[in-house]
Amino acid sequence: MVDYTMLPIGELFKRAQQGDAMAYCAIGACRYNHAKSKGGMTELYKALLWFKRAYKNGNKTALYYLGFYHYYGWFHPKSNAHAVELWQEGTRCNDLWCTLQLGNYYSTIDKKTGRPRNIYRAIALWEKTAYRGDTIATQKLAYTCKDYMHLGYKWQSLYWSITALKDAIHNKEDADTQTYLRNILMDVLKQLSYGTNDN
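Overview of the structure. (Residues numbered from 1 in each chain as written. Predicted model: local features only at pLDDT ≥ 70, side-chain atom pairs only at ≥ 80, totals over all residues. Heavy atoms only, no water.)

### Quick word on the packing of helix H7 (residues 119-130) against helix H8 (residues 135-147)
At step 1: Packing of H7 against H8 brings their axes to within 8 Å, and their N-to-C directions diverge by 145°. Note on packing geometry: the crossing formed by H7 with H8 is left-handed. Contacts between H7 and H8 pair Ile119, Ile123, Trp126, Glu127, Thr129 and Ala130 from the former with Ala137, Thr138, Lys140, Leu141, Thr144 and Cys145 from the latter.
At step 2: For the contact of H7 with H8, the class distribution of residues is seven nonpolar, three polar and two charged. (Axes fitted to C-alpha atoms, helices over the stretch in contact; angles between N-to-C directions. Helix = DSSP H or I, 4+ residues; strand = E, 2+ residues; numbered from the N terminus. Left-handed = near helix turned anticlockwise from the far one by under 90°. Contact = heavy atoms within 4.5 Å. Nonpolar A, V, L, I, M, F, W, Y, C, P; charged D, E, K, R; others polar.)

Next up, the structure:
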């Protein structure tokens, strides 16, 4: 399977000319990332056109990016609800990035309540992507389940903290990341040994 993130831009444009929807999305992502790093609204708009073209031709990952245009109010009225609808559509189609981002959204703090919007849904969504091998989700689960052991995530916290550390070592991630994950695991083991989260 072709990794479009590794293809040179010239190859992406060649594939786009042949009607490749994944190439449309990849070109949009290149422009999007450039705009985010350089702060250019013109590039953001060009990226938007590529994402719309990708989605129109059946690419669901484009929904991940399109959601942010509504979430931040870029060229659209600002709307969390519309952003969530797009990420939900992508999630129903098993798009990994949409599923991960929907989990991110539910984990963010609701300004009205001061609590996460829905931590149960966030964890469930991250688990869907983690079981597909996504290490970003695995690390999120490691520290989130630890923080919410009192809600019944005692054994999940142990499983995901071990898994995240193993993945980090296997993938040769930087020393700081490995130390951070090792500390999470030690904290989980300490809490379990003290029996402080038996609910």
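There's plenty left to go through after this.
### A look at the packing of aromatic side chains
At step 1: In total, this model carries 25 aromatic pairs according to the counting rule given.
At step 2: Summarising the aromatic geometry, the rings of Tyr69 and Trp74 are spaced 5.5 Å apart at their centres and angled 80° between planes, so their arrangement reads as edge-to-face.
At step 3: A ring pair is formed by Tyr71 and Tyr105, whose centres lie 6.5 Å apart and whose planes are at 85°; its orientation type is edge-to-face. With Tyr71 in helix H4 (residues 62-71) and Tyr105 in helix H6 (residues 96-107), this pair connects stretches of sequence that are 34 residues apart.
At step 4: For Lys78, the ring lying beneath its charged end belongs to Tyr71, and the centroid distance is 5.2 Å. (Phe/Tyr/Trp six-rings, centres within 6.5 Å; stacked < 30°, edge-to-face > 60°. Lys NZ or Arg CZ within 6 Å of the ring centre and 35° of its normal.)

### Section: the nonpolar core
At step 1: By size, the foremost hydrophobic cluster in this structure holds 47 residues, and its most contacted members are Tyr32, Phe51, Tyr65, Tyr69, Trp87, Tyr106 and Leu141.
At step 2: Listing elements by their share of this core, those giving two or more residues are helix H1 (9-17), helix H2 (21-38), helix H3 (41-56), H4, helix H5 (80-92), H6, H7 and H8.
At step 3: Sort the elements by how many residues they give to this core and H2 lands first, with nine residues.
At step 4: The contact partners of Tyr32, leaving out residues within four places of it in the chain, are Leu44, Ala47, Phe51, Tyr65, Phe68, Tyr69 and Trp74.
At step 5: Listed in part, the nine residues of the second largest apolar core include Leu158, Ala164, Leu181 and Val188. (Core = buried A, V, L, I, M, F, W, Y, C linked by side-chain atoms within 4.5 Å. Buried < 20%, exposed > 50% of the residue type's maximum accessible area, 1.4 Å probe, protein only.)

The quantities given are spatial measurements derived from coordinates; they are silent on function.
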